[in-house]
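# Chains, contacts and geometry: an overview
The chain contents come next:
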Amino acid sequence: MRYTITFLEREYRWLTQHLFDGSNREKAAYALCRIAASGEENRLLVRKIIPVTAEDTLDSSEVHMKIRSISFIRAMKEANDSKQLFVFIHSHPRGFLRHSEKDDAEESELFRTAYLRIRTQGLHGSVVLSSPDHPVGRVWMENGTHAEMDLVRVIGDRFKFHFSSAGSEPVPEFFDRQVRAFGEDVQRLLQRLHVAVVGAGGTGSAVIEQLIRLGVGKLTIIDGERLEKSNVNRVYGSGTDDEGMEKIEIARRSAARIGLSTRMEIVNSPISYRFSASRLKTADFIFGCTDDQLGRSILSNMAIYYGIPVLDMGVRIDSQEGVIRSIEGRVTTLLPEKPCLYCWGKITPKGVLRDSLAQTDPQQLQELIRQGYADELETPAPAVIPFTSAIASFAVMELLNRLTGFMEGDEPEQEVWFRFDWSVIKRRNHEPDERCRCGNSYFILRGDADPFLDLTWRNESNEKKKV
Ligand SMILES: [Zn+2]
Ligand SMILES: [Zn+2]
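Residues numbered from 1 in each chain as written. Chains lettered and ligands numbered in written order. Predicted model: local features only at pLDDT ≥ 70, side-chain atom pairs only at ≥ 80, totals over all residues.

Within the protein chain, the secondary structure is distributed over 12 helices and 19 strands. Here the C-alpha atoms of the protein chain give a radius of gyration of 24 Å, agreeing with the 23 Å that 2.2 N^0.38 yields for 467 residues. Seen through its C-alpha atoms, the protein chain measures out along the principal axes to roughly 80 × 55 × 40 Å. For the protein chain, with 467 residues in total, the buried portion stands at 42%. Intrachain contacts of the protein chain at a sequence separation of at least 6 include 67% that bridge at least 24 residues. (Helix = DSSP H or I, 4+ residues; strand = E, 2+ residues; numbered from the N terminus. Rg over C-alpha atoms; globule rule 2.2 N^0.38 Å. Buried ≥ 20, exposed ≤ 12 C-beta atoms within 10 Å, placed from the backbone. Contact = placed C-beta atoms within 7 Å.)

Turning our attention to the environment of V46. By secondary structure assignment, the location of V46 is in strand 3 (residues 41-51). What makes V46 buried here is the crowd of 26 C-beta atoms within 10 Å. Each C-alpha atom, one on V46 and one on R34, is 6.7 Å from the other, the two residues being 12 residues apart in sequence. Residue contacts for V46: discarding those within four places in its chain leaves I5, T6, F7, E11, A31 and C33.

Attention shifts here to the nonpolar core. Residues V197 and I286 are the most contacted members of the largest nonpolar core, which totals 113 residues. With eight residues, the single largest contributor to this core is helix 9 (residues 293-306). Counting the residues that make up this core, at least three belong to each of domain 1 (2-163) and domain 2 (173-453). Beyond its immediate sequence surroundings of up to four residues, V197 is in contact with G204, V207, I208, L219, I221, F287 and C289. (Core = buried A, V, L, I, M, F, W, Y, C linked by C-beta atoms within 7 Å. Domains from an automatic or database assignment.)

What follows deals with helix 9. Here helix 9 contains 14 residues, and its C-alpha end-to-end distance of 20 Å stays within 8% of the 20 Å for a straight helix at 1.5 Å per residue. Extensive coverage of helix 9 is indicated by the burial of 14 of its 14 residues. In the segment just after helix 9, G307 is the residue with positive phi, at about 65°. (Expected span 1.5 Å × (residues − 1).)

With that settled, consider the packing of helix 6 (residues 202-214) against helix 12 (residues 385-404). Any two packed helices are characterised by the angle at which their axes cross and by the distance between the axes. Where helix 6 contacts helix 12, the axes come no closer than 8 Å and their chain directions differ by 45°. It follows that helix 6 is oblique to helix 12 by the angle criterion. Between helix 6 and helix 12 lies a crossing of right-handed hand. In this structure, helix 6 uses G202, T203, A206, V207, Q210 and L211 to contact helix 12, whose residues at the interface are T388, S389, I391, A392, S393, A395 and V396. Here the residues of the contact of helix 6 with helix 12 are counted per class, giving seven nonpolar, six polar and no charged. (Axes fitted to C-alpha atoms, helices over the stretch in contact; angles between N-to-C directions. Parallel < 35°, antiparallel > 145°, perpendicular 65-115°, else oblique. Left-handed = near helix turned anticlockwise from the far one by under 90°. Nonpolar A, V, L, I, M, F, W, Y, C, P; charged D, E, K, R; others polar.)

To continue, consider the sheet that holds strand 3. Sheet architecture is open: nine strands sit in the order 9-8-7-6-2-3-1-10-11, paired in mixed fashion. Single-partner strands in this sheet number two, and they are strand 9 (146-148) and strand 11 (159-163). Between one strand and the next, the sheet's axes are offset by a mean angle of 25°, whatever the strand orientation. Sheet analysis places strand 7 (residues 124-129) next to strand 8 (residues 135-140), joined by six bridges and oriented antiparallel. The partner of V127 across the bridge, within strand 8, is G137. (Pairing = 2+ DSSP bridges.)

Here the focus is the domain arrangement of the protein chain. One can read the domain layout of the protein chain as domain 1 (2-163) and domain 2 (173-453). The C-alpha centroid of domain 2 is placed 34 Å from the C-alpha centroid of domain 1. Across the contact, 18 residues belong to domain 1 and 20 residues belong to domain 2. Of all elements in the fold, only strand 1 (2-8), strand 2 (28-37), strand 3 and strand 11 reach the threshold of two or more residues within the side of domain 1 that touches domain 2. The element contributing the most residues to the side of domain 1 that touches domain 2 is strand 2, with four residues. When grouped by side-chain class, the residues that make up the side of domain 1 that touches domain 2 number nine nonpolar, three polar and six charged.

The following block contains the structure:
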């Protein structure tokens, strides 16, 4: 089991300003969290930070502090009342990197109290910062033992990953030319990341090809479709003899042929199934390469509920009788506290309903289309490889930008938009709709909910898990 924690960049910045205020004394705060639990990872999601005030600090120096018990009892009560988990955070202004022996003794006491006072299911934890860029965390179990968190994520305009151990494994020579561009640390970071790709078609197969060649550590690919004749013109790794083959098998075959060290996890089922979508919970980022609106609505919710950035792609060619009217493409980065795909107008309730019923109940769909409650079914859209590949490349570039900041500007706009037939590229933002889930703090980093994502899922009883 792996333990990790995710902060929003805005909250994290505020936290570090509070902890490192120039006084050179230990300072502390509490975080209230929700959890994303799975068989491989328990991920704490920080939703609120409560500073320990000067008033509640009985004594402090550069190596210790003493807090009035009413201060943490109050925070624990709030955690219990709001069904959240409790995390204790403090600074080590002298730069001692980890929890000290004194911390061990004091936290053991503190977390016994936490388990007595908080009835929320899940884990509590603590984080110590020796500097704003060096957080180290651990979780406390109910039986009084503790385990290290191996990763602290800070998600916002930039994606920061603080691993507990500095990666020192040698970088294979295959990556030499990109190490010359971004350096060994970025290469090692890529080798430790878990990236999910939803959809292994035109854009998806190009994204997968690039992520493997970049040396990403683990790749989860979700797609339930088989290759059709008309896919060969743009699906990387496919050939004319592969008609009827599962697209994920084509991806797996490509990965095996390339032979670099990416671990592949493939899920042969659309994300409209809960067991399929819930695989995304352990990812560090998601590439959205699906063109159905139901899939896109699920991905929007993954960014809101779990704080996992989604790089969603779209390409649209408008052509009348073989004459191009327009060719547009986009890469939209979905983040918690940023507008979702509904707010951006990329998906609508009617379109989501259509794509949901098209999979589960085509008869009812026809009826709803007649009554005007669902959008008409779409005919196969034009698709040409340079455009799908260009958008895939820009999505992968956007990930590198969010990791390293190589593009200009500290606050990258949420969308990169292309008008290929005009040779125009723009970055742009959008206003959120206040009534939407994406702007409602109840849903932001809500983590595990029952049902998953508070959505109604299609019946799985007749389906076999195929992984
Ligand atoms: Zn300490
Ligand atoms: Zn929204």
